[in-house]
Structure formats: C-alpha cells, structure tokens
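Here are the chains, one letter per residue:
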Amino acid sequence: MADRVTVIGWDGSPLTAAARAALGAATLVAGAAHHLALPEVPPAAERIRLGSVALAARRIAGHRGTAVVLADGDPGFFGVVRTLRAPEFGLEVEVVPAVSSVATAFARAGMPWDDAQVVVAHRRTLRRAVNVCRAHTKVAVLTSPGAGPAELGLLLEGVHRTFVICEELGTTREQVTVVTSDKAADHTWRDPNVVIVIGGPVGPVGPGGATDGGGWIAGRDPGTGPRGWALPTELYGGDLGEGEAELLRAAQLARLGPRVGDLVWDIGCGSGAFATEAARAGAAVIAVDRDLAACARTEATARGFRVQLQIVRGTAPHVLENLPEPDVVRVGGGGAAVVSAVADRRPQRIVTHAATRDAAELVGRDLTEHGYQVECALVQSVELDTRAWTETERSVAFLLSGLLPDRTP
C-alpha cells in the first residue's frame, strides 16, 4: 500500500505550498492529461492517466511510495475522494482542496448559489438530472461526455430555461456562454463544462415583491409554503373534482411517492392540486388536461405555490405519445383506455380511481395484464361540522395502484 496518498484539487490557479510539497515528493501521480502536464509533476514519478478512478485506486493501493492524485476543483465534492476512500481499497487520504467548479461557475456568472440544486449528469443519470432542471429554478449540472449542454437542451424540449455554460474553467481556453435551452443543441461544447440552468421565479418573495436573502439551508428551502400534504380544498380555490378529494389525494400521493429526480404525469389535472403537491415534493411534473379552463387553473395554482409545472393541453391518450418517459403517473380522468396507454409506457407506479367496482375491476385487470402488481381499496371519507357534529360532505371512490416489479424504484 502507498505510504501516503494526497489528493490535490486544481482550479487553474498556482498550487499552494502544501500542494507543491506533496507533489514534489510523489513517486506516483494520477490525473487527467492537463494535470500530468503541470511543471510541478516530478519527471521521475510514475504517471497514471486518470480514466477509471477505481482502477487508479487499485494501482495506488499496490504502489510502494508516495502517491498524489490531481483532480479539478474540490475533489471532495462529487469528486475522486469518495472512490479512493471506499473500503475495498483501504486508502487513507489527505486532501488539499481548491475552489469547486460549481463555485467558480457561479462566480463567473456573478450569482449566489446557496439556493441552487447541484446534480451530476452521466449517460445513466441524465434523465434524472433533466427532471431536476424541470422542477427547480436554479440548478448546476456537472456534465460529462454524452451528457452535456446539447443533450440537456434536447431533453428539456417544451420547457424554457436559460443556460450559462462554463467551458474549461481555470484554463486559458475558459469561456462562458449564455444561451436559451432550445439553442444549446446548435453548438458543440468543450469538455469539461458546468451548466447553470435558470428558469422561473428564484427564491421566496418577501414584502413588496422583493426577494428575501439569508437562507438557512442549501438548495430549496423545505419550509416554503404551508405545512402539510394533501392540503385543504380551500387552498386550491374550492370546488375540486371528484378525484381530487383531500383524503383520496393523500392516498394517491402516498402510493406514488414523488421525489426529486422523478418525472410525474398528472393526467386530467383539474384544479392542479395533485400536480402542485407532487411538485412541492421536488419532482418534475407534466400536468395534462383537455380543458382550457383546467389548464389555466392549474397554471394559477402552481404560480400561487411557486412551483414549476409543464402544462400540456390535449386529450389523452393521444397527447401522451410525445411526452418524455414518466417515473410515476396519476390518471385523474380518461378511464381504462388512458390507464392502458400509460401502462404501455412502463412507469414504475400508476395510481387512479374509479367510481364503481365494475370500473375498478376493468382497470385492475388491464394493469395486471401489463405486468403490474395491483392493489385496490375502497376509500370513503366523511366530513363533519364539529360545531354540531353533523355530516357536511361524503366521498367514496375505489383507489387503484399498480407497481411494476421489474423497474428499479
């Protein structure tokens, strides 16, 4: 095992004295090509071109001498330190950090970033990174080849965002470009790059419409808006549809479990109550309805709760054909035909409701034929006036949910 392993972050500025001392004593140096070209790298040191960090870690574990790993930015922030410290390699590392590429990108843009989401986009995580960009107003994306600005722009079709694209930060080839998301695919971008994705209102609005400062937690403040889930009907303007009753909505949310990185379809969105609740959980949401008034009401609801929704007007199932792949789906209207079309797209979870047992059985059989594990429950709620303890409202519905076992949650 290496006698000593030092991980040095590099942001384009001169190395610190501690970094120079560690690098000068190294008998093995691992890093990208531009790191290995630094004049401080000892000529006699063994050099490893850093591709797979795991492979490099094995080489370092078997090295007899002093090893240094060079990495861009802060190597402890979505960097190599996590892999190097994995138990299977048994490496104890010292870290000399530099300014992270995310911090540098926001500095170049002249923007604060304590309220930003930060995601990593690889080919396998690109879709989830895009969903975060759909759902949140300020996101920094650490890109990779094949999952860069062009791919982000293509997958954000139908959603307007502004990209601040920072290429090769800290080098003589550094360049910062501002484009709209629909234009990002028209260019060829150099790696490495960081993309700041901006869209919609940023931050909570204070008195007089000014944006408040001084947040207490990184990312989106979870305390924004009213406390609770399946909020009372009056907060959505009252007069909700039969599939939007408070307790039914709570059960639907519990069955689907929308979360950050998910894409939720809400088909037959009505007032926008369910779509807004899913967005408050951090998920990206596409709300679909054929009725113009419902679309307008959903937009107003989302604006009131300061969440991001994409609203699509059209009749299901035909309007669903060109939508991006969902993770979970609520079918609020359209019946068995729409549920069947949704099941063809293979989301991990589907939830819907039916007014009669026969209708519930029809939907349940179709979901079963599509390979879903189906649950059905009769949900009944009775609202009482507690002044006289008299019944004021009653709702009854069959709640159906389908879980696809072969899809990773």
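Anything mentioned here points back to the structure above.
This write-up is about the structure you can find in this document. (Residues numbered from 1 in each chain as written. Predicted model: local features only at pLDDT ≥ 70, side-chain atom pairs only at ≥ 80, totals over all residues. Heavy atoms only, no water.)

## Some details on the overall build of the chain
Point 1. Tallying secondary structure elements over the chain gives 12 helices and 17 strands in all.
Point 2. For the chain, the proportion of its 409 residues judged to be buried stands at 47%.
Point 3. Look at the contacts in the chain between residues 6 or more apart in sequence, and 61% of them connect residues 24 or more apart.
Point 4. Carbon and sulfur atoms provide 53% of the accessible area of the chain, an area that totals close to 20000 Å².
Point 5. Measuring between centres, the 40 positive side-chain charges of the chain sit 4 Å from its 46 negative side-chain charges. (Helix = DSSP H or I, 4+ residues; strand = E, 2+ residues; numbered from the N terminus. Buried < 20%, exposed > 50% of the residue type's maximum accessible area, 1.4 Å probe, protein only. Contact = heavy atoms within 4.5 Å. Areas by Shrake-Rupley, 256 points an atom, 1.4 Å probe, with all protein chains shown as cover. Lys, Arg positive; Asp, Glu negative; His and termini not counted. Charge placed at Lys NZ, Arg CZ, Asp CG, Glu CD.)

## Remarks on a negative patch on the surface
Point 1. Together, E234, E246, E383 and E393 line one region of the surface with negative charge.
Point 2. On the secondary structure map, E234 appears in the loop between β10 (193-198) and α8 (246-256).
Point 3. Under the relative-accessibility criterion, E234 is labelled exposed at 61%. (Patch = residues over 30% accessible without salt bridge, like charges linked within 9 Å, V, L, I, M, F, W, Y side chains within 5 Å. Salt bridge = Lys/Arg side-chain N within 4 Å of Asp/Glu carboxyl O.)

## Some words on the environment of A254
Point 1. For A254, the position within the fold is in helix α8.
Point 2. Note on A254: relative accessible area 58%, which makes it exposed.
Point 3. When the C-alpha atoms of A254 and D182 are compared, they prove to be 35 Å apart, with 72 residues separating the residues in sequence.

## Some thoughts on the nonpolar core
Point 1. Judged by nonpolar contacts, the single largest core of 26 residues is most densely connected at W265, I267, L320, V331 and V342.
Point 2. Contributions of two or more residues to this core are made by β11 (263-267), β12 (284-289), β14 (328-331), α11 (335-344), β15 (349-354), α12 (357-369) and β17 (390-403).
Point 3. Counting residues per element, this core draws most heavily on α11, at 4 residues.
Point 4. Excluding anything up to four places from it in sequence, I267 contacts V288, A316, L320, V329, R330, V331, G332, G333, V338 and V342. (Core = buried A, V, L, I, M, F, W, Y, C linked by side-chain atoms within 4.5 Å.)

## Side note on α12
Point 1. Under the 1.5 Å per step criterion, the end-to-end length of α12 is 18 Å for 13 residues, consistent within 8% with the ideal 18 Å.
Point 2. Buried residues along α12 sit against α11, β15, β16 (373-385) and β17.
Point 3. Just downstream of α12, G371 is the residue with a positive phi angle, here 95°. (Expected span 1.5 Å × (residues − 1).)

## Here's the deal with the state of the cysteines
Point 1. The tally for this structure, following the rule as stated, stands at 0 disulfides.
Point 2. Free of any disulfide, C295 has its nearest neighbouring cysteine sulfur in C269, separated by 5.4 Å. (Disulfide = S-S within 2.5 Å.)

## A closer look at the environment of R387
Point 1. Within the secondary structure, R387 is located in the loop between β16 and β17.
Point 2. In this structure the C-alpha to C-alpha distance between R387 and G371, which are 16 residues apart in sequence, comes to 49 Å.

## Considerations on the sheet that holds β15
Point 1. Strand order in the open sheet made by the 7 strands is β13-β12-β11-β14-β15-β17-β16, with mixed pairing throughout. Whereas interior strands pair on both sides, the edge strands pair on one side only; in this sheet they are β13 (310-313) and β16. With direction set aside, neighbouring strand axes in the sheet form an average angle of 20°.
Point 2. Pairing geometry for β11 and β12, over 5 bridges, is parallel. If you follow V264 over to β12, its bridge partner there is V285. (Pairing = 2+ DSSP bridges. Axes fitted to C-alpha atoms, helices over the stretch in contact; angles between N-to-C directions.)

## Re the packing of aromatic side chains
Point 1. Taken as a whole and judged by the stated rule, the model has 3 aromatic pairs.
Point 2. With 6.0 Å between their ring centres and 10° between their planes, F106 and W113 make a pair best called stacked.
Point 3. The positively charged end of R280 is found above the aromatic ring belonging to W229, 5.1 Å away from the centroid. (Phe/Tyr/Trp six-rings, centres within 6.5 Å; stacked < 30°, edge-to-face > 60°. Lys NZ or Arg CZ within 6 Å of the ring centre and 35° of its normal.)

## Concerning the packing of α8 against helix α9 (residues 273-280)
Point 1. For the pair α8 and α9, interaxial distance at closest approach is 11 Å and the crossing angle is 40°. With respect to α9, the axis of α8 lies oblique. Crossing of α8 against α9: the hand is right-handed. For the pair α8 and α9, the contacting residues are R249, Q252, L253 and L256 in the first and A273, F274, E277 and A278 in the second.
Point 2. For the contact of α8 with α9, the residue count by class is 5 nonpolar, 1 polar and 2 charged. (Parallel < 35°, antiparallel > 145°, perpendicular 65-115°, else oblique. Left-handed = near helix turned anticlockwise from the far one by under 90°. Nonpolar A, V, L, I, M, F, W, Y, C, P; charged D, E, K, R; others polar.)

## Some remarks on the pattern of salt bridges
Point 1. One pass over the structure, following the stated rule, counts 18 salt bridges.
Point 2. As a salt-bridge pair, R108 and E174 come within 2.6 Å of each other at their nearest N and O atoms. Taken together, the positions of R108 in helix α5 (residues 101-109) and E174 in the loop between β8 (162-167) and β9 (175-180) put the pair 66 residues apart, joining distant regions of the chain.
Point 3. Given a relative accessible area of 28%, E174 falls into the partly exposed group.
Point 4. With its nearest N and O atoms 2.4 Å apart, the salt bridge here joins E168 to R190. Residue E168 is located in the loop between β8 and β9, and its partner R190 is located in the loop between β9 and β10; the two are separated by 22 residues in the primary sequence.
Point 5. The exposure class assigned to E168 is buried, which follows from its relative accessible area of 14%.
Point 6. Beyond isolated ion pairs, a larger network of salt bridges with shared partners links R127, R128, D262 and D327.

## Points about α11
Point 1. Considered for burial, the residues of α11 that qualify are V338, V339, S340, V342 and A343.
Point 2. Considering only its buried residues, α11 is in contact with β11, β14, β15 and α12.
Point 3. Phi for R346, located one or two positions after α11, is positive at around 60°.

## Description of the packing of α11 against α12
Point 1. One way to put it is that α11 packs onto α12 with a least axis distance of 10 Å and a crossing angle of 15°. Taken as axis vectors, α11 and α12 run roughly parallel relative to one another. Crossing of α11 against α12: the hand is right-handed. Where α11 approaches α12, its residues A336, V339, S340 and A343 are matched on the opposing element by L362, V363, D366 and L367.
Point 2. When grouped by side-chain class, the residues that make up the contact of α11 with α12 number 6 nonpolar, 1 polar and 1 charged.

Honestly, it's all geometry; don't read function into it.
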